[in-house]
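Given next are the chains, with one letter for each unit.
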Amino acid sequence: MHTVVKYANIQKELPKLPELLLNTIQSDVLEIKSVEKTCAKYTDACKKIPALRNAYFVVYSKYIQKSDHKYEKFIFLDEEGAEICNVAGVDMELYGLLSCTNLSFSEEYEASQRD
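Residues numbered from 1 in each chain as written. Predicted model: local features only at pLDDT ≥ 70, side-chain atom pairs only at ≥ 80, totals over all residues. Heavy atoms only, no water.

(A) Representation of the confidence of the model for the protein chain in the model. Confidence in the prediction of the protein chain, expressed as mean pLDDT, is 88, and 97% of residues score 70 or more. Model confidence for the protein chain, summarised as mean pLDDT per element, is weakest for strand S5 (residues 98–99) at 74 and strongest for helix H1 (residues 10–13) at 95. (pLDDT = per-residue confidence, 0-100. Helix = DSSP H or I, 4+ residues; strand = E, 2+ residues; numbered from the N terminus.)

Structure follows, in structure tokens:
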């Protein structure tokens, strides 16, 4: 079975990203976004969960409905893609905490989105 690779530069940008996360992100099962470090929500979250100070990215499911958000787990990554902590959705919300990443979509993925 052939799957479309979502990000062209993810392995270069995040060399320490665990293979399982890489595969699920690339197959579009999970999503990855940058953490907006300048917002008040991030500052408040760091007070409750100090490990988040080292977080640059978060991996989450884009398929979980907002009503089920509390059952989700968020995986926070450092600037090289190494896992630094997991946080339950019941402990925090991602809304307002995410920004775009410096990851580039592959040409194959962009073409599949146009079809």
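Moving on, there is more to tell.
(B) Structural view of the sheet that holds strand S3 (residues 73–77). Strand order across the open sheet formed by five strands is S4-S3-S2-S1-S5, with antiparallel pairing between neighbours. If you trace the sheet from one side to the other, it starts and ends with strand S4 (83–88) and S5, each paired once. Looking at chain direction, strand S1 (residues 31–35) and strand S2 (residues 57–60) are connected through four bridges and run antiparallel. Pairing of isoleucine 32 across the sheet is with valine 59, part of S2. (Pairing = 2+ DSSP bridges.)

(C) The pattern of salt bridges, seen in detail. Counted according to the given criterion, the structure contains five salt bridges. We note a salt bridge from lysine 62 to aspartate 28, for which the minimum N-O separation is 2.7 Å. Of this pair, lysine 62 sits in the loop between S2 and S3 while aspartate 28 is found in the loop between helix H2 (19–26) and S1, placing the two residues 34 residues apart along the sequence. Using a relative accessible area of 33% as the deciding quantity, one classes lysine 62 as partly exposed. When its relative accessible area of 14% is taken as the criterion, aspartate 28 is described as buried. When salt bridges with common partners are traced through the structure, they connect Lys6, Asp28, Glu31 and Lys62 into a single cluster. (Salt bridge = Lys/Arg side-chain N within 4 Å of Asp/Glu carboxyl O. Buried < 20%, exposed > 50% of the residue type's maximum accessible area, 1.4 Å probe, protein only.)

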